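# Structural overview
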Amino acid sequence: MGDGYRTLDLNQAAAFLHMSPAVLRQKACAGIIKGAKPGKCWVFLENDLADYLHSLYSNRGQAPQSDRVQEKKPCHSSNAATSGGCDLAPPAASKYASLLKLPTNS
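Residues numbered from 1 in each chain as written. Predicted model: local features only at pLDDT ≥ 70, side-chain atom pairs only at ≥ 80, totals over all residues. Heavy atoms only, no water.

### Side note on helix 1 (residues 10–17)
Taken together, the buried positions of helix 1 are Leu10, Ala13, Ala14 and Leu17. The buried side chains of helix 1 occupy one side of the element, clustering within an arc of 100 degrees when seen end-on. For helix 1, the exposed residues set more than 90 degrees away from the buried face come down to Asn11 and Ala15. Tucked into the core, helix 1 has its buried residues touching strand 1 (7–9), helix 2 (21–29), strand 2 (43–45) and helix 3 (46–56). The backbone nitrogen of Asn11 has a side-chain oxygen 3.1 Å away, supplied by the residue at the start of helix 1, namely Asp9. A positive phi of about 60 degrees marks His18, the residue just after helix 1. (Buried < 20%, exposed > 50% of the residue type's maximum accessible area, 1.4 Å probe, protein only. Helix = DSSP H or I, 4+ residues; strand = E, 2+ residues; numbered from the N terminus. Arc of directions from axis to C-beta. Contact = heavy atoms within 4.5 Å. Polar contact = N/O pair within 3.5 Å; in protein donor to acceptor, adjacent residues only side chain to side chain.)

Written as structure tokens, this is what we have:
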């Protein structure tokens, strides 16, 4: 097969991309990486895999890109504290200022 249509199976394609076959399967199912399943097995075109890698290259002067989705994980610590800002709501702040006889803006 000439013309750049070399095909790779799931394990070969995963090795080409330096990722696990399970991750490649997930990305192929999600349509992130082009692949086909003409029967029971995934088949990938080497050119499509190279195009995927090229799409991750950064533009000049920018940080490298990744196709990873960044998740924000909640903090489950029982002693977590926030820092900065004022925790007083405006009514409480004005009451506090009046108790201390601080000048306030009307």
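### Describing the packing of aromatic side chains
Throughout the structure, instances matching the rule amount to 1 aromatic pair. Centroid distance Trp42 to Phe44: 5.9 Å. Interplanar angle 20 degrees. Geometry classified as stacked. Judged by its relative accessible area of 12%, Trp42 is buried. A relative accessible area of 0% means that Phe44 is categorised as buried. (Phe/Tyr/Trp six-rings, centres within 6.5 Å; stacked < 30°, edge-to-face > 60°.)

### So, the pattern of salt bridges
Pairs can form between side chains of opposite charge once their charged atoms are near each other. Counting across every chain of the model gives 1 salt bridge. For Arg6, the salt bridge identified is with Glu46, shortest N-O distance 2.9 Å. With Arg6 in the segment before strand 1 and Glu46 in helix 3, this residue pair connects regions lying 40 residues apart in the sequence. (Salt bridge = Lys/Arg side-chain N within 4 Å of Asp/Glu carboxyl O.)

### Quick look at the packing of helix 1 against helix 2
Where helix 1 meets helix 2, the closest approach of the two axes is 9 Å, and the angle between their N-to-C directions is 100 degrees. In terms of their interaxial angle, helix 1 and helix 2 are classed as roughly perpendicular. The segment helix 1 lies against helix 2, with Leu10, Asn11, Ala13, Ala14 and Leu17 engaging Pro21, Leu24 and Arg25. For the contact of helix 1 with helix 2, the class distribution of residues is 6 nonpolar, 1 polar and 1 charged. (Axes fitted to C-alpha atoms, helices over the stretch in contact; angles between N-to-C directions. Parallel < 35°, antiparallel > 145°, perpendicular 65-115°, else oblique. Nonpolar A, V, L, I, M, F, W, Y, C, P; charged D, E, K, R; others polar.)

### What to know about the environment of Asp9
Residue position: Asp9 is located in strand 1. A sequence separation of 36 residues divides Asp9 from Leu45, and the C-alpha atoms of the two residues are 9.0 Å apart. In this structure Asp9 touches Trp42 and Phe44, once residues within four positions along its chain are discounted. A polar atom in the side chain of Asp9 sits 3.1 Å from the backbone nitrogen of Asn11.

None of this, on its own, says anything about what the molecule does.
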